[in-house]
Amino acid sequence: MPDKHLTDLTIRRPDDWHLHLRDGAMLQAVLPETTRHFGRAIIMPNLVPPVVTASDASGYRDRILAAMPPGASFTPLMTLYLTEDTDPDDVERAHRDGIATAVKLYPAGATTNSASGVRDFDKVRPVLDRMAAIGMPLCVHGEVTDPAVDIFDREAVFIDKVLKPIRKKNPDLRIIMEHVTTEDAVDYVRDTPKNLAATITTHHLIINRNHILAGGIRPHYYCLPVAKREKHRIALVQAAVSGDTRFFLGTDSAPHTDARKLQECGCAGVFSAPNTISCLAEVFDVAGKLGKLEAFTSLNGPAFYGLPPNTNTIRLVKGDPVSYPSHIQTKDGPVTVFDPGFALHWRVES
Ligand code: NCD
Ligand code: ZN
């Protein structure tokens, strides 16, 4: 039951442990939507071409810092896109020099802009060994890409076919299984005592696959990994509100213009940065777990990454439904904001 008495909540400033900021006009338009509420974010490297080397990441970070809205205090934590040609020395240098926080593994072809990802996992073994040695975490898009595997099963199969073997060969590597969407992933993380954590998105706590497909196709709910059955959504909510330190927020806010979403082959991605904190407060409130919101948004992530939590705070106040735009405008065209399908009552005050 929601806590009827609690209408005012101050928590440490949240961080977003999985975010797509893009580049150019899109970066300029979406960055303020994140800096308004978040202190730091893990920035996804799936640009075209991808952010592969330390030098690429340093250049991209400069472009993000140049696009910062006035007065914002926000730290982009950069990632390197793992390819079969990635040089372990370059990765180590990026980590040592504070240019990159993590490396991102996309199985080739798994999602938007992932063509340069990994096909043969043995080819990246030297990079993974080096990362384990220097304590650099690996962010993983956990879906197999075999066309013979049903899209709703790709995460569960990835755990068995790819993640377990990687963890067996490299138990010291710290891994974040990103944007988990299944009870299988939640159970696997819960059953793994060390060096494994998971991020959960805002939208996967709210929608199941019916929201995408029942009563008409809703492209704005299509993202990867695709939302699963209701029982999986419930497992994700239970993990998020549990306070278990291995689960934390990674919004996977992934802006695409409406023109790119609403075409014959629409691309994957949900843009949730503008209203994510209000959405999460609603989910935690309805679950009667507002007391665990701060752990999920602001404490568990930094702890896993070995960083201190933010020292400043945000204040949430409950009241009449919050208004937020249905779209944001960018020079590339409008981008639709995630619609949770219910009213949001928690407003971020500062
Ligand atoms: C992401 C994107 O658009 O870059 N899309 C998505 O559906 N989540 C890629 C990703 O993280 O899979
Ligand atoms: Zn993503």
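Further up the page is the structure itself.
Definitions and limits used
Residues numbered from 1 in each chain as written. Chains lettered and ligands numbered in written order. Predicted model: local features only at pLDDT ≥ 70, side-chain atom pairs only at ≥ 80, totals over all residues. Heavy atoms only, no water. Donors = N, O, S within 2.8 Å, 3.2 Å for Na, K, Ca; no water. Tetrahedral: all angles 85-135°; square planar, octahedral: opposite > 155°, others 65-115°. Pairing = 2+ DSSP bridges. Helix = DSSP H or I, 4+ residues; strand = E, 2+ residues; numbered from the N terminus. Axes fitted to C-alpha atoms, helices over the stretch in contact; angles between N-to-C directions. Contact = heavy atoms within 4.5 Å. Buried < 20%, exposed > 50% of the residue type's maximum accessible area, 1.4 Å probe, protein only. Right-handed = clockwise from strand over helix to strand, strands pointing away. Near = heavy atom within 4 Å. Polar contact = N/O pair within 3.5 Å; in protein donor to acceptor, adjacent residues only side chain to side chain. Areas by Shrake-Rupley, 256 points an atom, 1.4 Å probe, with all protein chains shown as cover. 1 Å grid on protein atoms, 1.4 Å probe; cavity = no way out; pocket = protein on both sides within 12 Å on 5 of 7 lines; lining within 4 Å. Sits in = over half its atoms within 2 Å of the grid points. Nonpolar A, V, L, I, M, F, W, Y, C, P; charged D, E, K, R; others polar. Lys, Arg positive; Asp, Glu negative; His and termini not counted. Salt bridge = Lys/Arg side-chain N within 4 Å of Asp/Glu carboxyl O. Points joined across faces, edges and corners; volume = space filled by probe spheres on them. Patch = residues over 30% accessible without salt bridge, like charges linked within 9 Å, V, L, I, M, F, W, Y side chains within 5 Å. Charge placed at Lys NZ, Arg CZ, Asp CG, Glu CD.

Peer 1: Please provide a residue-by-residue account of the coordination of the zinc ion (ligand 2), values included.
Peer 2: Around a metal, the perfect tetrahedron of four donors has angles of 109.5 degrees, and the perfect octahedron of six donors has angles of 90 or 180 degrees. Distances from the zinc ion (ligand 2) to its protein donors, namely His18 (NE2), His20 (NE2) and Asp252 (OD), fall within the range 2.0 Å. Coordination at the zinc ion (ligand 2) is irregular: its four donor atoms span angles of 91 to 136° at the metal.

Peer 1: Talk me through the sheet that holds strand β6 (residues 138–140); I want residue IDs and the actual numbers.
Peer 2: Spatial strand order, β2-β3-β4-β5-β6-β7-β8-β9: eight strands in an open sheet with parallel pairing. What marks the edges here is a single partner per strand, and that holds for β2 (15–19) and β9 (247–249). Direction aside, the axes of adjacent strands within the sheet are offset by 30° on average. Against the sheet, helix α2 (residues 54–66) contacts β3 (40–43) and β4 (75–81), and its axis sits at roughly 150° relative to β4.

Peer 1: Tell me about the pairing of β2, residues and numbers included.
Peer 2: For β2, a buried count of five out of five residues is recorded, marking the element as mostly surrounded by other parts of the structure. Sheet topology note: the β2/β3 ladder contains three bridges and is parallel. What sits directly across from Asp15, in β3, is Arg40. Crossover handedness for the path β2 to helix α1 (residues 24–35) to β3: right-handed.

Peer 1: Tell me about the site of ligand 1, and name the residues and values.
Peer 2: Near ligand 1 there are 15 residues, and of these Asn46, Thr111, Leu224, Asp252 and His256 occur at the shortest range. The contact in question runs from an oxygen atom of ligand 1 to an N or O atom on the backbone of Leu224, over 2.8 Å. Residue His256 places a side-chain N or O atom 2.7 Å away from an oxygen atom belonging to ligand 1. Burial of ligand 1 by the protein chains amounts to 100% of its free accessible area of 320 Å². Put simply, ligand 1 lies in the largest cavity. Residue composition of the shell around ligand 1, by class: four nonpolar, nine polar and two charged.

Peer 1: Explain the side chain of Arg22 to me, using residue names and the numbers behind them.
Peer 2: Mapped onto the elements of the fold, Arg22 is located in the loop between β2 and α1. One buried charged side chain, Arg22, makes no salt bridge at all; its nearest oppositely charged neighbour is Asp252, positioned 7.2 Å away. Looking at Arg22, its side chain comes within polar contact range of the main-chain oxygen of Pro255, at 2.9 Å. Reaching out from Arg22, the side chain makes a polar contact with the side chain of His256 at a distance of 3.1 Å. For Arg22, the residues in contact, after removing those within four places along its chain, are Leu27, Asn46, Leu47, Tyr60, Ala254, Pro255 and His256.

Peer 1: Kindly report on the sheet that holds strand β10 (residues 313–318), identifying the contributing residues and their values.
Peer 2: Overall, antiparallel pairing links the three strands, which are arranged β1-β10-β13 in an open sheet. Two strands bound the open sheet, and with one partner strand each, they are β1 (8–12) and β13 (346–348). Geometrically, the sheet is characterised by an average inter-axis angle of 25° between neighbouring strands, direction not taken into account. For β1 and β10, the ladder comprises five bridges, and the chain directions are antiparallel. Paired with Ile11 across the two strands is Ile314, which belongs to β10. The strands touched by helix α10 (residues 276–286) within the sheet are β10 and β13, with β13 carrying the most contacts at an inclination of about 145°. Strand contacts of helix α11 (residues 293–305): β1 and β10, with the helix running at about 25° to β1, the strand carrying the most contacts.

Peer 1: Run through empty space enclosed by the protein, naming residues and quoting values.
Peer 2: One pass over the structure, following the stated rule, counts two cavities of 30 Å³ or more. Lining the largest cavity are 19 residues, and of these His20, Thr111, Leu224, Asp252 and Ala254 sit closest to its centre. Here the residues of the lining of the largest cavity sort into six nonpolar, ten polar and three charged. Its volume calculated, the second largest cavity comes out at about 30 Å³. Partitioning the lining of the second largest cavity into residue classes produces three nonpolar, three polar and three charged.

Peer 1: Can you explain a negative patch on the surface? Please cite residues and give values.
Peer 2: Among the surface-exposed residues, Asp150, Asp153, Asp184, Asp187 and Asp191 lie close enough to one another that they form a single negatively charged patch. Considering the arrangement of structural elements, one finds Asp153 in the loop between β6 and α5 (154–169). Its relative accessible area of 39% is what places Asp153 among the partly exposed residues.

Peer 1: Could you give an account of the pairing of strand β8 (residues 196–200), naming the residues involved and the relevant values?
Peer 2: Two faces belong to every sheet, and in a regular strand the side chains alternate between them. Within β8, five of the five residues are buried, which leaves it mostly tucked inside the rest of the structure. Burial along β8 is two-sided: the residues Leu196, Ala198 and Ile200 and Ala197 and Thr199 are all buried. Relative to β8, strand β7 (residues 175–177) runs parallel, the two sharing three bridges. Of the residues in β8, the one forming a bridge with Ile175 is Leu196. Crossover connection from β7 via helix α6 (residues 183–190) to parallel β8: handedness right-handed. Note that β8 and β9 share three bridges and pair parallel. Paired with Ile200 across the bridge in β9 is Leu249.

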